[in-house]
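Residue strings, one per chain:
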Amino acid sequence: MPSISRRVQAIKISDTKLMPMIAAKVGGCVSLGQGVPSFATPEHVVDAVCSALRQDSAAGKYTLQPGLPALREAVAELLGSEKGVQADPETEIVITVGAMEALLAAILTLVERGDEVLIPSPYYASHVEQILLAEGVPVPVPLRSEDWGLDLEAMERAVTSRTKAVLLCNPSNPTGAVYPDADLKALAALCERHGLFVITDETYDSLTFDSPMPMSLASLPELAGRVILVNSFSKRFALTGWRVGYAYAAKPLMDEMLKVHDCTAICAPAPSQAAALAALTGPQDIFVQMGASLKARRELACARLDELRDHFSYVRPGGAFYIMARYLFSSESSREMAQRMIREARVVTIPGGAFGPEGDGHLRLSYGASEKEINEAFDRIQSWVLL
Ligand SMILES: Cc1ncc(COP(=O)(O)O)c(C=O)c1O
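Cut-offs applied
Residues numbered from 1 in each chain as written. Predicted model: local features only at pLDDT ≥ 70, side-chain atom pairs only at ≥ 80, totals over all residues. Heavy atoms only, no water. UniProt positions renumbered as here; feature names shortened; annotations may be inferred. Helix = DSSP H or I, 4+ residues; strand = E, 2+ residues; numbered from the N terminus. Pairing = 2+ DSSP bridges. Core = buried A, V, L, I, M, F, W, Y, C linked by side-chain atoms within 4.5 Å. Buried < 20%, exposed > 50% of the residue type's maximum accessible area, 1.4 Å probe, protein only. Domains from an automatic or database assignment. Contact = heavy atoms within 4.5 Å.

### Remarks on the UniProt feature "domain: Aminotransferase class I/classII large" (unreviewed entry) in the chain
Thought 1: Within this structure's numbering, the places UniProt gives as "domain: Aminotransferase class I/classII large" (unreviewed entry) are residues 29-381.
Thought 2: In this annotation, residues 29-381 is assigned 41% helix and 17% strand; the end-to-end C-alpha distance for the span is 12 Å.

Have a look at this one:
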């Protein structure tokens, strides 16, 4: 039997996807696991997709390979107005199959076998798997444990002659941290000094609860030509199942990325692009309301954790919809703890160790679920830990 590739042997399915599978076997669980905003696809988005499919024979066919022109234009306008990123929609934007495909295209475009990529840790697990898939070397750089902030001195120490890029997720999944402008500027200076590429994953950019949308590394002139910005329609517009995202890069980089996009996806699904266009150009009040609901859910989740302060400690998150909760009542590994919580409390969480060694001893809690589900999950955790 010939062997499967070492590339694929080196990667694994993330615990974010495995925990719900374990929970499905146990049955009757409530989830604080996968990062899914609970909201249904808004009516105006459903209507736009249905009428496109009914009225336009092109709506179910391949679009242009980089994406629908109107959607690329809307994305370029958004990047300009919200982030000060001036993108040419003709040549510098690609619509992808979720942010996930954009990230993979970015990483395959930049990373060669043995290239090191610095990645603040705890990190989003799929970033690491994608770097490994490209035969690169992920180099986790610990975040400050007291506030999950960037440790720029540690980043500097981690740079070697093999370092190719930095991959930053801001706001962060899994910590919920939002990095301040001063740290982003210092990181940009570091990348400029060492001639590094930057991949900036801004999937949660609209979900900051105590501060404005964070500055984009792609807006900094010192990084011009060496940044790939990745974003998603999944979280801001609650379109996780539609699988649509996008990337921005300067034309010479985008020309290369488009080759990867072509041979992996051809184009993002046409109906999903119609959904994304309607979400981006239609009424925004419903999405503003979703953001406000997530902020209220943060308050709820933090208040419920505060009631359990003898059992959990945490850094209050400023964005995204995750909390890394450190458990104080056991020295079990986070994987054992998460599995035991599924079996004994019937609550799904994600083991912090899935996000790097700095995450062990924690469980990642998502507050994307409804308030009723969040309360039910915490009621169960409370009865379980107080047993
Ligand atoms: C940081 C981060 N990047 C990318 C993704 C993937 O997003 P998409 O659904 O657009 O592929 C996720 C999904 O949870 C995420 O948390």
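Once you've had a look at it, read on.
### Some words on the sheet that holds strand β10 (residues 322-327)
Thought 1: Reading across the sheet, the four strands line up as β9-β10-β13-β12 and stay open at both edges, with antiparallel pairing between neighbours. The strands lining the two open edges of the sheet, one partner per strand, are β9 (312-314) and β12 (350-351).
Thought 2: For β9 and β10, the ladder comprises three bridges, and the chain directions are antiparallel. Across the sheet, Y314 pairs through a bridge with A325, a residue of β10.

### Thoughts on the nonpolar core
Thought 1: Judged by nonpolar contacts, the single largest core of 98 residues is most densely connected at V75, L79, L217, F233, F312, F378 and I381.
Thought 2: At seven residues, helix α11 (residues 285-307) tops the list of elements feeding residues into this core.
Thought 3: Here this core spans two domains, and each of domain 1 (6-40 + 285-385) and domain 2 (43-281) adds at least three residues to it.
Thought 4: For V75, the contacting residues outside a window of four places in its chain are I93, I95, F233, Y246 and L280.
Thought 5: Of all hydrophobic cores here, the second largest spans 24 residues; its members include V94, A99, I107 and A249.

### Concerning the pairing of β10
Thought 1: Of all the six residues making up β10, five are buried; the element is thus mostly covered by neighbouring parts of the structure.
Thought 2: Relative to strand β13 (residues 362-366), β10 runs antiparallel, the two sharing five bridges. Bridging from a neighbouring strand, A325 pairs with L363 of β13.

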